[in-house]
There are 2 protein chains.
Amino acid sequence: MQEYSKSKLNRIKRGQNRATYDIERINTILDAGFIGFVSYTYEGKAISLPMAYGRKDNKIYLHSSQANRMLLALLEAGEMSMTVMHLDALVLARSGLHHSVNYRSATVFGTVKKIENDQGKSDALECFMEHMMQGRWNEIRPMHPHELDRTLVVEMTIESASAKVRDVGVNDEPEDESLPIWAGLVPLKQVAQHPISDDKLPENIAIPTHVMNYYQANQ
Amino acid sequence: MQEYSKSKLNRIKRGQNRATYDIERINTILDAGFIGFVSYTYEGKAISLPMAYGRKDNKIYLHSSQANRMLLALLEAGEMSMTVMHLDALVLARSGLHHSVNYRSATVFGTVKKIENDQGKSDALECFMEHMMQGRWNEIRPMHPHELDRTLVVEMTIESASAKVRDVGVNDEPEDESLPIWAGLVPLKQVAQHPISDDKLPENIAIPTHVMNYYQANQ
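Our subject in this report is the structure included herewith.

Conventions we followed
- Residues numbered from 1 in each chain as written.
- Chains lettered and ligands numbered in written order.
- Predicted model: local features only at pLDDT ≥ 70, side-chain atom pairs only at ≥ 80, totals over all residues.
- Heavy atoms only, no water.
- Phe/Tyr/Trp six-rings, centres within 6.5 Å; stacked < 30°, edge-to-face > 60°.
- Helix = DSSP H or I, 4+ residues; strand = E, 2+ residues; numbered from the N terminus.
- Buried < 20%, exposed > 50% of the residue type's maximum accessible area, 1.4 Å probe, protein only.
- Arc of directions from axis to C-beta.
- Contact = heavy atoms within 4.5 Å.
- Salt bridge = Lys/Arg side-chain N within 4 Å of Asp/Glu carboxyl O.
- Pairing = 2+ DSSP bridges.
- Core = buried A, V, L, I, M, F, W, Y, C linked by side-chain atoms within 4.5 Å.
- Least-squares fit on C-alpha atoms with pLDDT ≥ 70 in both.

1. A short note on the packing of aromatic side chains
Counted according to the given criterion, the structure contains two aromatic pairs over all chains. When the centroid spacing of 3.6 Å and the interplanar angle of 5° are considered together, the rings of Phe-37 of chain A and Phe-37 of chain B count as stacked. Taken as a pair, Phe-37 of chain A in strand β2 (residues 35–42) and Phe-37 of chain B in strand β2 (residues 35–42) lie in two separate chains rather than in one. By relative accessible area, Phe-37 of chain A is classed as buried at 5%.

Printed below as a string of structure tokens:
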């Protein structure tokens, strides 16, 4: 098992039994979604904003227009952190204190740089799009050079990370278990609904296999 | 329409057509979820972590154990920001550049203070739990005083906020619309699955109405 080394930054102090530093497990959490909360400092204040991302090996790819305040601030800082969370269940206990949620959450820390050359940008955008929906990149219209020029692509190298996972049942005080109060889980899940074709499509363009695969995999 | 005033901090520069400062609309986004990404600065680095929250009027309530690194840092700073996002659809365009997502996202900024007295803490925790699941607070075992003592309750007063919403279809370049490439939306939704009773429940404890209401409202 390969792990990120623990430092003051990524070490989890509260709920250590839920913590993991395992690289594969953290990658699995990152790959289960494509929206991360990227944090930056603006005028001394910490702010986080949701961004779509792609991952390949220990790299995270973000993109935006060339004028994006957050990505420009991250590039100036030379580093960033991003948190991804999947909410899996409400944990409804007999006591208020033991209410909780089941979840998988990962926070990654690392250095960032701008990708300057067109091939590197195109490869990063392919990774980004394939992370969102496998099979789509090769089916869309190739990017025009002026579109690449308008796009700011940032590559983060993950240097450190940690994750927390809660995936168990209710954990009430033993003396509360006989109370006449219902306790249990309500599982939560993000699902896809049936794809809706753009009304400007030419006739006879069916929903492609890669889109139906995504729909069926997210039921 | 009552709005948050715009400042350098909360003014949205990119995608102004998606921006809103309307207080009611922002509250609706906050009330549609209960997990926010709270940002803080740790050793000069901006980090965000997911936390459950409750909202009442212009107050946001968070809680944790008394030793939570993030909440203690927020209290020391005296201020915080939190971002909430709901992902509503993948927007699959003919070109890479116009791929997007439909979403509702709100970022709130404000001051924080610790709630010290037991009644204030209990009221905040009631708000917190009712925000997660309406009707639950009155059905659970009342908190013991030593449980309240172990709990750190933080009240944020929202001073400023902004939100971004994208809720439209595909927006490709007009010259791309005749291409033989499928484009459209894949709606995404968080749903609840059937509640699972804790296996330590005494016999004859049915799933209560407030839990079934939540389940049915989240289909």
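Further notes follow.
2. Looking at helix α5 (residues 209–217) of chain B
An α-helical turn contains 3.6 residues, so any two residues separated by three or four positions project in the same direction. Those residues of α5 of chain B that sit buried are His-210, Val-211, Tyr-214 and Tyr-215 of chain B. Taken end-on, α5 of chain B shows its buried residues confined to a sector of 140°, consistent with a single buried face. Relative to its buried face, α5 of chain B has exposed residues pointing more than 90 degrees away, namely Thr-209 and Ala-217 of chain B. Contacts from the buried residues of α5 of chain B go to β6 (79–92) and β9 (184–192) of chain A together with α3 (118–132) and β9 (184–192) of chain B.

3. Regarding the pattern of salt bridges
Enumeration over the complete set of coordinates arrives at 24 salt bridges over all chains. Across the pair Lys-59 of chain A and Glu-155 of chain A runs a salt bridge, and its minimum N-O distance is 3.9 Å. Taken as a pair, Lys-59 of chain A in strand β5 (residues 59–65) and Glu-155 of chain A in strand β8 (residues 151–166) lie far apart in primary sequence, 96 residues in all. Exposure remark for Glu-155 of chain A: the relative accessible area of 10% places this residue in the buried category. Residue Asp-198 of chain A is joined to Arg-94 of chain B by a salt bridge in which the shortest nitrogen-to-oxygen separation is 2.8 Å. On the criterion of chain membership, the pair formed by Asp-198 of chain A in the loop between β10 (196–197) and α5 (209–217) and Arg-94 of chain B in the loop between β6 (79–92) and β7 (100–114) is interchain, its members lying in two chains.

4. Digging into the pairing of β9 of chain B
Burial analysis of β9 of chain B places seven of its nine residues in the buried class, which makes it a mostly covered element. Note that β9 of chain A and β9 of chain B share five bridges and pair antiparallel. Looking at β9 of chain B, one finds that Ala-192 of chain A is bridged to Leu-188 of chain B. Relative to β9 of chain B, β6 of chain B runs antiparallel, the two sharing four bridges. Opposite Val-91 of chain B, over in β9 of chain B, you have Leu-185 of chain B as the bridge partner.

5. Quick word on the nonpolar core
Among the nonpolar cores identified, the biggest contains 50 residues, and Leu-90, Leu-92 and Val-186 of chain A together with Leu-90, Leu-92 and Val-186 of chain B are the most heavily contacted of them. Sequence-distant contacts of Leu-92 of chain A, that is, excluding residues within four places in its chain, are made with His-99, Val-170, Trp-182, Ala-183, Gly-184 and Val-186 of chain A together with Met-132, Met-133, Arg-136 and Val-211 of chain B.

6. Thoughts on the relation of the copies chain A and chain B
After a rotation of 180° and a shift along the axis of 0.0 Å, chain A superposes on chain B with an RMSD of 0.0 Å. The superposition of one copy onto the other is thereby described by a two-fold rotation axis. Residue Gln-190 of chain A, judged by its C-alpha, is the member of chain A lying nearest the rotation axis, at 2.1 Å. Comparing interface residues between copies, 100% of those in chain A also sit at the interface in chain B, which points to an isologous, same-surface contact.

7. A word on unusual backbone geometry
Residues and elements named next belong to chain B. Backbone geometry at Asp-57 places phi at a positive 50°, although glycine is not the residue there. In this fold, Asp-57 is placed in the loop between β4 (54–56) and β5 (59–65). You can call Asp-57 exposed: its relative accessible area is 58%. Even without being a glycine, Asn-204 presents a positive backbone phi close to 65°. Tracing the backbone shows Asn-204 in the loop between β10 (196–197) and α5.

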